[in-house]
Amino acid sequence: MGIKVVKFGGSSLADAGQMRKVKDIVQADPERRYVVPSAPGKSPEYDIKITDLLYTLENVIENGGNHEFYFNMIRDRFVGIRDELGLTVNIEGELDHILERLLNGAGADYAASRGEYLNGLLLAEYLGYAFIDAAEVILFDKRGRYDETNTEKLLSKRLKSIDRAVIPGFYGSLPNGNIKTFSRGGSDITGAIVAASVRADLYENWTDVSGFYMVDPRLVPDPGKVESITYRELRELSYMGASVLHEDSIFPVYKYAIPINVRNTNEPSDPGTMIVPSIENFKGRAVTGIAGKKNFTIISIEKTGMNAELGFGRRVLASIEKYGIPFEHMPSSIDSLCVVLEDSKVRGSINDIIDDIHRSCEPDSVEIINGIALIATVGKRMRDSIGTAARLFSALAEADINVRMIDQGSSEINIIIGVKNEDFERAVIAIHNAFRDS
Ligand code: ASP
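Scoring rules and cut-offs
Residues numbered from 1 in each chain as written. Predicted model: local features only at pLDDT ≥ 70, side-chain atom pairs only at ≥ 80, totals over all residues. Heavy atoms only, no water. Helix = DSSP H or I, 4+ residues; strand = E, 2+ residues; numbered from the N terminus. Rg over C-alpha atoms; globule rule 2.2 N^0.38 Å. Buried < 20%, exposed > 50% of the residue type's maximum accessible area, 1.4 Å probe, protein only. Contact = heavy atoms within 4.5 Å. Areas by Shrake-Rupley, 256 points an atom, 1.4 Å probe, with all protein chains shown as cover. Lys, Arg positive; Asp, Glu negative; His and termini not counted. Charge placed at Lys NZ, Arg CZ, Asp CG, Glu CD. Pairing = 2+ DSSP bridges. Axes fitted to C-alpha atoms, helices over the stretch in contact; angles between N-to-C directions. Near = heavy atom within 4 Å. Polar contact = N/O pair within 3.5 Å; in protein donor to acceptor, adjacent residues only side chain to side chain. 1 Å grid on protein atoms, 1.4 Å probe; cavity = no way out; pocket = protein on both sides within 12 Å on 5 of 7 lines; lining within 4 Å. Sits in = over half its atoms within 2 Å of the grid points. Nonpolar A, V, L, I, M, F, W, Y, C, P; charged D, E, K, R; others polar. Points joined across faces, edges and corners; volume = space filled by probe spheres on them. Patch = residues over 30% accessible without salt bridge, like charges linked within 9 Å, V, L, I, M, F, W, Y side chains within 5 Å. Salt bridge = Lys/Arg side-chain N within 4 Å of Asp/Glu carboxyl O. Expected span 1.5 Å × (residues − 1). Core = buried A, V, L, I, M, F, W, Y, C linked by side-chain atoms within 4.5 Å.

Turning our eyes to something else, we now look at the overall build of the protein chain. When helices and strands are tallied, the protein chain shows 15 helices and 17 strands. Taking 2.2 N^0.38 as the reference for a compact globule, 438 residues should give roughly 22 Å; the C-alpha atoms of the protein chain span a radius of gyration of 25 Å, in line with that estimate. Along the first, second and third principal axes, the C-alpha set of the protein chain runs to 75 × 50 × 40 Å. When each of the 438 residues of the protein chain is scored for burial, the buried share is 53%. Long-range contacts, defined here as pairs at least 24 residues apart, represent 74% of the contacts in the protein chain between residues at least 6 apart. Total accessible area on the protein chain is roughly 19,700 Å²; 47% of this is exposed by carbon and sulfur atoms. If you average the places of the 50 positive and of the 63 negative side-chain charges in the protein chain, the two averages end up 4 Å apart.

Shown next, in the form of structure tokens:
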């Protein structure tokens with residue numbers, strides 16, 4: 001029998017009704033042996049995530065405020081789920097213990113992790129699976145970095161003898177035993193770690209959308225569905241702002257080429273999106289997805305013959321590095337070079353950087369272009385399909401959008417364009433429409 005690791009997000013576990021759907025999904029496939037839950041998220045009845053309540057509770061305690069309101073809210077939600085499902089977990093006792101530790105300064109990570117911990121206890125009883133506290137098996141080093149080698153060793157050994165288990169997402173422990181969490185949304189990472197440790201055949205990530213769309217559905221009504229996407233394409237799109245999965249959840253499974261299937265708890269018959277190592281085995285659109293972000297600055301430097309001048313690019317980048325600013329892109333031609341930087345990072349130092357470039361590079365001119373949005377059009381098949389760029393730029397021209405910058409990443413799976421912030425939405429729609437049915 002194969003092994004599937006299944007992770008359920010907060011909205012999939014937000015109340016007793018959602019928990020029932022989760023149980024049906026897990027029981028529908030005996031290969032779904034290891035289950036990683038998030039904390040209860042938003043539901044029609046509650047407009048707030050348990051994790052946010054836990055952070056607030058800790059903050060109120062730290063500032064000597066009256067914590068009862070938040071504590072009761074958290075208790076009522078967990079008790080409500082337990083009672084509705086007829087479970088026996090001693091939520092009240094667990095929460096009294098948690099409160100005592102928080103009053104003794106256990107801290108924000110401990111507080112936040114308790115949502116997953118308590119939800120894990122409930123789900124384990126409900127499914128009849130063993131409960132494994134993530135603090136025992138997910139390890140961080142003393143500097144707070146995830147300890148991949150030791151975790152994988154420990155976890156695979158532990159799970160060899162346990163056939164079916166629930167392992168709460170989002171946290172683990174430091175060498176001194178204190179709780180440490182991943183960044184927000186980190187249960188995705190735990191799911192991937194468990195999948196890697198047992199060398200799962202599949203990592204299923206159950207959420208409240210049926211996988212990925214070619215573009216953010218808030219921008220385009222009825223966008224194209226993405227059936228399959230490679231890890232690399234997903235990284236490019238996540239970097240440019242597309243979010244369904246935590247971006248660090250790719251690394252643990254990448255090594256072992258374990259596919260990830262993003263599925264919808266509320267539409268279990270929808271096959272969702274497969275994230276796979278490579279796409280050689282299937283056909284599809286030339287363009288997989290389009291994502292972008294606003295608010296970049298372009299520094300455009302001109303100097304006749306710069307291509308022949310040794311060290312020119314290095315000196316430009318050194319002037320930027322001096323101010324601790326990373327650069328996003330650097331398209332260049334014979335006599336000009338552009339560096340794209342994030343507005344928020346460059347704001348206070350732009351004039352100093354320009355002075356520096358004048359001193360170290362003696363350019364003919366330097367121009368600053370503010371308010372630029374970057375849009376990435378990503379597709380592994382772009383490399384082999386003729387006319388993709390032509391179609392992209394014709395669509396933009398037809399929509400009367402002026403392209404201020406073009407960069408085709410050397411990976412050849414990505415064409416990045418810069419347009420004015422105010423043209424962003426129109427440009428994304430134009431590109432989507434040009435490739436939706438291709
Ligand atoms: N509950 C945590 C959060 O809200 C982690 C997760 O859901 O993945 O960020």
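One open sheet holds the eight strands; their spatial order is S3-S4-S2-S1-S7-S11-S12-S10, and the pairing between them is mixed. Both outer strands of the open sheet, strand S3 (130–131) and strand S10 (228–230), are each paired with one neighbouring strand and no more. Bridge analysis of strand S7 (residues 202–207) against strand S11 (residues 260–264) gives five bridges, and the strand direction is parallel. By the bridge assignment, Glu 204 is partnered in S11 with Asn 261. Where helix H9 (residues 231–239) meets the sheet, its contacts fall on S10 and strand S12 (273–276), and the angle it forms with S10 comes to roughly 85°.

Turning to the site of the ligand, a few remarks are in order. In the vicinity of the ligand, the contacting residues are Ser 38, Thr 51, Glu 116, Phe 170, Arg 184, Gly 185, Gly 186 and Ser 187. The backbone of Gly 186 places a nitrogen or oxygen atom 3.3 Å from an oxygen atom of the ligand. The fraction of the free accessible surface of the ligand (260 Å²) that becomes covered by protein chains is 92%. Applying the majority rule of atoms within 2 Å of the grid points places the ligand in the largest pocket. Among the residues making up the shell around the ligand, the classes are represented as one nonpolar, five polar and two charged.

This part covers the layout of surface pockets. The method is simple in principle: a probe with the dimensions of a water molecule rolls over the atoms, and the space it marks as empty is what remains. Taken as a whole, the largest pocket spans an internal volume of roughly 1,200 Å³. Together, 50 residues line the largest pocket, and Thr 207, Asp 208, Ser 243, Val 244 and Leu 245 are the ones closest to its centre. Taken together, the elements giving at least two residues each to the lining of the largest pocket come down to helix H8 (187–197), S7, strand S8 (212–213), H9, strand S13 (289–302) and helix H15 (424–435). With four residues, the top contributor of residues to the lining of the largest pocket is S13. Partitioned by chemical class, the residues of the lining of the largest pocket number 23 nonpolar, 18 polar and nine charged.

Nonpolar side chains collect at one region of the surface, where Val 209, Tyr 213 and Val 244 lie side by side and expose about 190 Å² of accessible area between them. Along the polypeptide, Val 209 turns up in the loop between S7 and S8.

Let's shift gears to helix H3 (residues 68–85). When the terminal C-alpha atoms of H3 are compared, their 26 Å separation across 18 residues agrees well with the 26 Å that a helix rising 1.5 Å per residue should span. Residues of H3 that are buried: Phe 71, Ile 74, Arg 77, Phe 78, Val 79, Ile 81, Arg 82 and Leu 85. Contacts from the buried residues of H3 go to helix H1 (16–27), helix H2 (50–62), helix H4 (91–103) and helix H5 (108–127). One or two positions beyond H3, positive phi appears at Gly 86, with a value near 65°.

Position of Lys 4 relative to the elements: it lies in strand S1 (residues 4–8). Of the polar contacts made by the side chain of Lys 4, one reaches the side chain of Asp 29; its length is 2.6 Å. For Lys 4, the residues in contact, after removing those within four places along its chain, are Asp 29, Glu 31, Arg 32, Arg 33, Tyr 34, Leu 202 and Glu 204.

If you look at the biggest cluster of nonpolar residues, it comprises 114 residues, and the most contacted ones within it are Val 5, Phe 8, Val 35, Ile 275 and Ile 375. Top element by residues in this core is H5. It accounts for ten residues. If you look at the next biggest cluster of nonpolar residues, it comprises 17 residues, including Phe 312, Ile 325, Leu 337 and Val 366.

This brings us to the sheet that holds strand S17 (residues 414–420). Spatially, five strands are ordered S14-S13-S15-S17-S16 in an open sheet, and the strand pairing comes out antiparallel. A strand with exactly one partner marks an edge of an open sheet, and here the two such strands are strand S14 (336–342) and strand S16 (405–408). When strand polarity is set aside, the average angle formed by the axes of neighbouring strands in this sheet is 35°. Relative to S17, S16 is paired through four bridges, and the arrangement is antiparallel. Following the sheet pairing, Asp 407 is matched in S17 by Ile 416. Strands S13, strand S15 (365–378) and S17 of the sheet are contacted by H9, whose axis makes an angle of about 65° with S13.

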